[in-house]
Every structure is written in C-alpha cells, then in structure tokens.
Amino acid sequence: MSDSRHELVVVGGGISGLGLAHMAAKKGLKPLVIEANDRVGGCIHSHHFTAPEGEFWAELGAHTCFNSYGHLLAMLEDLNLLDDLLPKQKLSYQLLTAQGLGKITSQLSFVELLISLPKLFSLKKEQCTAEEFYGGIVGKKNFKQVLGPALDAVICQSAAAFPANSLFIKKPRRKEIMRSFTAEGGLEQFVRAIADQPGIEVRTRVAVTAIEKLTDGYQLQLDDGTQLVAEKLALAIAPDLAARLLQPVLPAVTELLQEIEMAEIESCSVLIEKQYLKLAPMAGIIAVDDDFYSAVARDPVPDNNYRAFTFHFRPGRLDHVGKLVRISEILGLNGPTEIESVANLDNRLPSLRMGHEKRIAALDALLVDQPLALIGNWFTGVSIEDSLCRTASEFDRLVV
Ligand SMILES: Cc1cc2nc3c(=O)[nH]c(=O)nc-3n(C[C@H](O)[C@H](O)[C@H](O)COP(=O)(O)OP(=O)(O)OC[C@H]3O[C@@H](n4cnc5c(N)ncnc54)[C@H](O)[C@@H]3O)c2cc1C
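The shown structure was predicted, so the numbers you read here are calculated from the model rather than taken from an experiment.

Draft legend 1. Structural view of the overall build of the protein chain. When you go through the protein chain residue by residue, the secondary structure sums to eleven helices and 19 strands. Overall, the C-alpha framework of the protein chain stretches about 65 × 55 × 45 Å when taken along its three principal axes. Looking at the 400 residues of the protein chain, the share that counts as buried comes to 54%. Taking the intrachain contacts of the protein chain between residues at least 6 apart in sequence as the baseline, contacts between residues at least 24 apart amount to 71%. Surface exposure of the protein chain reaches about 18,300 Å², of which carbon and sulfur atoms provide 52%. One way to put it: in the protein chain the 40 positive side-chain charges average out to a point 7 Å from where the 50 negative ones average out.

Pasting the structure below:
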C-alpha cells in the first residue's frame, strides 16, 4: 500500500476517533488518525502547570471517568493500564448563590420535593426535555434553584432543553473497579497511551480540509497541501465541521448535521498555593445564574502544595482579567495576584434537542452501504462513554 493510500483513515484524535483506531488496530488494521491540533485528546485536555514546587496537572476539559465506562475500561485493559487508574476522593460540590457558597441541599425546598416526587411514576423520560422531566420530579422552583444549575454544570451549557434521556444514560458498572477515577497526570494519559500504541499512526497539526468520493473510497485534502486516499473513512469531529466536509459527498447528511447546535465554553484553570485558600476541599462549584456554569476542583486528587480550579465560563461574558477577578472573589483570595498560574481553553460541546433520535436514525439510514463512519459525542449523550458507545457500533458496521 503506497504512502498516500490507507485502508482506514480516522479524522479527529479525540477519544471517539482514537477509540475507533484502537478497535481497528486490535483487528489487525493499520489505522491512520489525522488530528488538527498539536496534541491528541480533544475535550480530554490535562494541563501541566510548571510551578516552583514542581509540576502540577489540572483538567481543562473532561475530569472524571466512572466504573460504568465499559468501552473505555476495555481499552485500558487491552493496554494493561487498569493498575494505573487513580481513585478520586469522594468530595461534595458546593452551590454558589447570591448568598455565597453553601451546601446543595441548602436551597432545596423539601415540601416542593415531596409534593412533586410522585410524578416520577407518570412522566416518561423519553418524551420530555430535562426541564420537563427533572423539573416535574423535583418541582419548578427546585429545578430553577438547584437541579437545573447542577445539570448545566455537568454539560457546561443550559440543560433545560436537552432531551432528558440523553443525560445520565444508565450503563452497567464494573463493581471490581473503583467508582470514579482519573490517571496520574490526568485523563490525557489514557488518550496518549491509546494513540502511542504500535499499529496506530497519528499525525497531529494537520487538518482535513476537503473530502471527495472515489469509486473505492475517499480522497482527503489536508491543509499541509498533501492528499490521502482512504478506503474506509471515519469522521470523529463536531457535527458542524463534519457537515462542511461532507457537503460535496453526502449533501443530505450535511443538511441533517447542520441542525445540530454547538455550545461554546470558555474554560479557565487557575493554580493556587494552598496557603492562600481557606475553602475546605471540594469536588467543585455549581453556579446559579452566574458568569460561569461550574468550577471543577483538583481536590479529589490532593497535592501537598497546590490546589487548582477550572472554571467553565459562559461565552462572551467576561474578558481574561474579568474572569480572574471573579475567580478570586469566589475563592476568597486577596486578588488575582495570589493566583500562581493560569491556563485557558475554548471548549465546545453539542447541544442536543428533542427529536435528535429521529435525526440520527435518518442519518444512519443515509450511511448504510457507505464506507464512512460518523462518530463523536453528539449521538446518544455527551460523556466519554456515550461517545465510545457510538464508536463501537460504527466500528461494527464499518470494519467487522
Ligand atoms: C469542559 C468539559 C468537561 C467534561 N467533563 C467530562 C467528564 O468529566 N466526564 C465525561 O465522561 N465527559 C466529560 N466531557 C465530555 C467529553 O470529554 C467529550 O464529549 C468527549 O471527550 C468528546 O470526544 P470526541 O472524540 O467525540 O470529540 P473531541 O474531543 O471534540 O475531538 C475531536 C477532535 O477532532 C479534531 N478535529 C476537528 N476537525 C478536524 C479536522 N478537520 N481535521 C483533523 N482533526 C480535526 C479536533 O481538534 C479534536 O481533537 C466534558 C467535556 C467538556 C468540554
């Protein structure tokens, strides 16, 4: 096979694309992964701060995996990495209201909860938005003041209009494995290990800019001026980006993909010496009606000298200085000068809406018999494992 011809090309080196490459390599194929960024991982991005007391990592994107992540765990098992899972200490989230930080339960009306709870037996999750379903169960006020902001914090955008059944999709737990985990050095260690295994070729800093259909596959144009031929192709990128690339190849698929919205998130991680913080260790902060959705603390993996918090801001609200001032206020610092170091990342996540299942069914019907897989975090749900569930089913269709 010449350099420019490949049996399987995967566009996008996030967990979805690397997962497909892993499954293909296990079957003896030699997948090529093309990643636009200078690093693999996409939304899995562990930042390494260099500080006077040594290196310290914090997550700028995904932060926690669970023992219900069966496809991820199977890959880590293949790579003999199960011993490298690092448990996360069980800590609570704090709720930030106009009164300051407090317990999540402090804002709950138990009377409203008791009155509303019986609706659990009549509401159908698959027919409701998150607001209709969870608001129905806990009551409208409880949803507005507590549960709604908690769901927003999980998916870093307003969760109200999300289909209720695309949040917290129940999956079997592997009870012999710790409930929630990360890795020493952060979750990016896992994606790096997948990308670095023999049998998978990864090219970073190069983006696919155009796709053309051939009789026996696809021709890809790359932004370094080169071209590739892929006998089989997997697009593991956001729906708006896939829509653009597929316009000349499958315009009907493009039309469906253009209906899927994306949410922008401005993530800002701060490293702080422990001595400056009076706050007790926590999992993070859930914000009610603020400039940010949530802040995720590194406290569940404690360090002797430092703590870090990654704030996920609503887009376009605050500039860089404004963010640091707000972060200092919330964390009780004497100003941004007590922040040792800062790292920023613009994240994006899909905004799923009612009717999404129908759209995906229509899309899948258009893909039948095409040597093309569409994978990512925009099918059933946005978690790492939701993404890998789609990867596994498309792998079965495309490769097996
Ligand atoms: C702030 C945040 C917190 C989260 N927390 C959690 C969590 O705790 N637990 C959890 O399970 N999930 C979490 N998630 C969700 C999860 O991280 C993502 O849904 C998942 O990692 C998405 O993986 P992906 O491979 O589908 O897409 P992405 O990670 O977006 O990867 C797509 C890749 O494609 C590349 N690309 C795009 N266009 C091109 C092109 N033309 N050519 C080549 N490459 C291209 C991009 O550079 C990117 O690397 C979080 C997400 C965010 C943003």
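Draft legend 2. Representation of the sheet that holds strand β5 (residues 65-66). Within the open sheet, the three strands sit side by side as β5-β9-β6. Their pairing is antiparallel. Lying at the two open borders of the sheet, with one neighbouring strand each, are β5 and β6 (85-87). Where β5 lies against strand β9 (residues 180-183), two bridges are found, and the strand directions are antiparallel. Bridge pairing links Cys65 to Phe181 in β9. Sheet strands in contact with helix α2 (residues 70-78) are β5, β6 and β9, and its direction is about 45° off that of β9.

Draft legend 3. Main features of the side chain of Gln197. With respect to the element layout, Gln197 can be found in the loop between α6 (188-196) and β10 (201-203). For Gln197, the side chain forms a polar contact with the side chain of His22, separated by 2.9 Å. Once you skip the residues sitting within four places of it in the chain, Gln197 turns out to touch His22 and Leu79.

Draft legend 4. Examining the nonpolar core more closely. Core analysis: the biggest nonpolar cluster contains 48 residues, and Val9, Ile211, Leu220, Leu233, Leu235, Leu257 and Leu374 have the highest contact counts within it. Element by element, the count of residues in this core is highest for helix α4 (residues 130-138), at five residues. Beyond its immediate sequence surroundings of up to four residues, Leu235 is in contact with Val11, Ile211, Ala242, Leu246, Leu372, Ala373, Leu374 and Ile375. By size, the runner-up hydrophobic cluster in this structure holds 40 residues, among which are Leu20, Ala21, Ala25 and Leu29.

Draft legend 5. Broad picture of the sheet that holds strand β18 (residues 339-351). An order of β8-β7-β15-β16-β17-β14-β18 is seen for the seven strands of this open sheet, with the pairing classed as mixed. Here the strands that pair on one side only, and so sit at the sheet edges, are β8 (100-103) and β18. This sheet shows a mean twist of 25° between the axes of neighbouring strands, independent of strand direction. Pairing between strand β16 (residues 292-297) and strand β17 (residues 306-313): five bridges, direction antiparallel. Among the inter-strand pairings, Val296 is bridged to a residue of β17, identified as Thr310. Sitting on the sheet, helix α5 (residues 140-155) touches β7 (93-97), β15 (284-287), β16 and β18, and the angle it makes with β15 is about 120°.

Draft legend 6. Geometry of the packing of aromatic side chains. Enumeration over the complete set of coordinates arrives at eight aromatic pairs. Here Phe56 and Tyr306 contribute two aromatic rings whose centre-to-centre distance is 6.1 Å and whose plane-to-plane angle is 70°, an arrangement assigned as edge-to-face. Of this pair, Phe56 sits in strand β4 (residues 54-59) while Tyr306 sits in strand β17, placing them 250 residues apart in sequence. Note on Phe56: relative accessible area 4%, which makes it buried. Classification of Tyr306 as buried rests on a relative accessible area of 3%. Feature note: the residues Phe292, Phe311 and Phe313 constitute an aromatic cluster, connected by ring pairs. Here the guanidinium or amino end of Lys213 rests over the ring plane of Tyr218, the centre of that ring lying 4.8 Å away. Over the ring of Phe379 we find Arg390; its NZ or CZ atom is 3.8 Å from the centre of that ring.

Draft legend 7. Highlighting a positive patch on the surface. On the surface, Lys90, Lys170, Arg173, Lys175 and Arg179 cluster together into a patch of positive charge. Structurally, the position occupied by Arg179 is in the loop between α5 and β9.

Draft legend 8. A look at helix α7 (residues 239-246). For α7, the complete set of buried residues consists of Pro239, Ala242, Ala243, Leu245 and Leu246. Those residues of α7 that are buried lie in contact with β11 (208-214), β13 (227-235), α8 (251-257), β14 (261-273) and β19 (372-374).

Draft legend 9. View of the pairing of β16. Extensive coverage of β16 is indicated by the burial of six of its six residues. Summarising the sheet, β15 and β16 pair through three bridges and their orientation is antiparallel. Note on β16: the bridge partner recorded for Ile286 is Ser294. Hairpin connection, β15 to β16: the antiparallel pair is bridged by four residues, and Asp289 has positive phi, about 55°.

Draft legend 10. Representation of the side chain of Glu385. With respect to the helices, strands and loops of the structure, Glu385 is situated in helix α11 (residues 384-398). Of the side chains bearing the opposite charge, Lys171 lies closest to the buried Glu385, which forms no salt bridge; the N-O distance is 6.5 Å. Looking at Glu385, its side chain comes within polar contact range of the main-chain nitrogen of His71, at 2.8 Å. Here the side chain of Glu385 touches Leu72 through a polar contact of 3.2 Å, landing on its backbone nitrogen. Residues within four places of Glu385 in sequence aside, it is in contact with Ser68, Tyr69, Gly70, His71, Leu72 and Lys171.

Criteria and thresholds
- Along each chain, the written sequence defines residue order, and numbers are assigned to residues from 1.
- Where local features are concerned, this predicted model is filtered to residues with pLDDT of at least 70; where side-chain atom pairs are given and counted, the filter is 80 or more; whole-chain, interface and lining totals use all residues.
- Where side-chain values are given, they derive from all heavy atoms of the structure, hydrogens and water being excluded.
- Helix numbering and strand numbering both begin at the N terminus, where a helix is a DSSP run of H or I of at least 4 residues and a strand a DSSP run of E of at least 2.
- Three exposure classes are used, based on accessible area relative to the maximum for each residue type with a 1.4 Å probe and protein chains only: buried under 20%, partly exposed in between, and exposed over 50%.
- Contacts: residue pairs with any heavy atoms within 4.5 Å of one another.
- Throughout, the Shrake-Rupley method with a 1.4 Å probe supplies accessible areas, and for residues the shown protein chains are the sole cover considered.
- His is not counted, nor are the chain ends; Lys and Arg add positive charge and Asp and Glu add negative charge.
- To locate a charge, take atom NZ for lysine, CZ for arginine, CG for aspartate or CD for glutamate.
- Two strands are said to pair when DSSP picks up at least two bridges between them.
- Between N-to-C directions, angles cover 0 to 180 degrees, with each direction set by a line fitted to C-alpha atoms, over the stretch in contact for helices.
- Distance and chemistry together define a polar contact, namely a pair of N or O atoms within 3.5 Å, with one atom able to donate a hydrogen and the other to accept it when in protein, and with adjacent residues in sequence counting only for side-chain atoms on both sides.
- We call a set of buried residues a nonpolar core when its members are Ala, Val, Leu, Ile, Met, Phe, Trp, Tyr or Cys and they connect through side-chain atoms within 4.5 Å of each other.
- Two aromatic rings from Phe, Tyr or Trp, using only the six-membered ring of Trp, form a pair when their centres are within 6.5 Å; if the ring planes differ by under 30 degrees the pair is stacked, by over 60 it is edge-to-face, and anything between is tilted.
- Definition used: whenever NZ (Lys) or CZ (Arg) falls within 6 Å of the ring centre and also within 35 degrees of the ring normal, the charge is taken to sit over that ring.
- Nonpolar side chains (Val, Leu, Ile, Met, Phe, Trp, Tyr) are joined into patches within 5 Å and like charges within 9 Å, using only residues with over 30% relative accessible area and no salt bridge.
- Note on definitions: salt bridges are taken to be side-chain nitrogens of Lys or Arg within 4 Å of carboxyl oxygens of Asp or Glu.

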